Amino acid sequence: VQLVESGGGLVQAGGSLRLSCAASGCTFSRYAMGWFRQAPGKEREFAGAITWSGSDTYYADPVKGRFTISRDNAENTVFLQMNSLKPADTAVYYCAASTKWPPTTPSSSVYWGQGTQVTVSS
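All values reported here derive from a predicted model rather than from experimental measurement. (Residues numbered from 1 in each chain as written. Predicted model: local features only at pLDDT ≥ 70, side-chain atom pairs only at ≥ 80, totals over all residues. Heavy atoms only, no water.)

(A) Representation of the state of the cysteines. For the structure on display, the rule yields one disulfide. Here C26 is not disulfide-linked; the sulfur of C21 is the nearest cysteine sulfur, at 9.2 Å. (Disulfide = S-S within 2.5 Å.)

Structural data, given as structure tokens:
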């Protein structure tokens, strides 16, 4: 199973980015998909997740109302739309596949991408 994130980069505070995570080697629609992030010197933390079908989403409080997760099961891809970005959002963002709901801890996910860097300047 391979998860490949893309779309990271440098953006000014208040700006937006859209991350993508393309999956291969698995039945994508069988997995809930989560997004985690890890800032330097900090533990990996849950940002949000979407159910197998895409019918429900769940977000951590720091990103609620600013981040939106969606998925396209036909394209085996999950997206993270990030708006109103803040310097505190600076981190490496990872997508992860889970058989649990909601997958709010790193241990609840079975497959991980390599991560993509998001840097928000003030």
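(B) Representation of the packing of aromatic side chains within the structure. By the definition in use, this model includes six aromatic pairs. Taken together, a centroid distance of 5.0 Å and an interplanar angle of 55 degrees make the contact between F36 and W112 tilted. Separated by 76 residues along the polypeptide, F36 in strand β4 (residues 32-38) and W112 in strand β10 (residues 109-112) bring together distant segments of the chain. Residues F46 and Y58 carry aromatic rings whose centres are separated by 5.9 Å and whose planes lie at 35 degrees to one another, so their mutual orientation is tilted. On the criterion of sequence distance, the pair formed by F46 in strand β5 (residues 45-50) and Y58 in strand β6 (residues 57-59) is long-range, its members being twelve residues apart. Exposure remark for Y58: the relative accessible area of 40% places this residue in the partly exposed category. In textbook terms, an aromatic cluster arises when at least three aromatic residues are bridged by ring pairs, as seen for F36, F46, Y58, Y94 and W112. The aromatic ring of W112 is capped on one face by R44, whose charged end is 4.8 Å from the ring centroid. Directly above the ring of F28 sits R71, whose terminal nitrogen or CZ lies 4.3 Å from the centroid. (Phe/Tyr/Trp six-rings, centres within 6.5 Å; stacked < 30°, edge-to-face > 60°. Helix = DSSP H or I, 4+ residues; strand = E, 2+ residues; numbered from the N terminus. Buried < 20%, exposed > 50% of the residue type's maximum accessible area, 1.4 Å probe, protein only. Lys NZ or Arg CZ within 6 Å of the ring centre and 35° of its normal.)

(C) A look at the environment of A22. Mapped onto the elements of the fold, A22 is located in strand β3 (residues 17-24). Each C-alpha atom, one on A22 and one on L3, is 5.6 Å from the other, the two residues being 19 residues apart in sequence.

(D) Summary view of unusual backbone geometry. Residues W101 and P102 are joined by a peptide bond in cis, for which omega reads -15 degrees. Along the chain, P102 turns up in the loop between β9 (91-98) and β10. Non-glycine residue N76 carries a positive phi angle of around 55 degrees.

(E) Summary view of the pairing of strand β8 (residues 77-82). A large share of β8 lies buried, amounting to five of its six residues. Note: β3 against β8, six bridges, orientation antiparallel. Pairing of R18 across the sheet is with Q81, part of β8. The pairing of strand β7 (residues 67-72) with β8 spans six bridges and is classified as antiparallel. Counted as the bridge partner of S70 is F79 from β8. Connecting β7 to the antiparallel partner β8 that follows it, the hairpin turn spans four residues, and N76 within it adopts a positive phi of roughly 55 degrees. (Pairing = 2+ DSSP bridges.)

The values reported here are purely geometric and, on their own, carry no functional implication.
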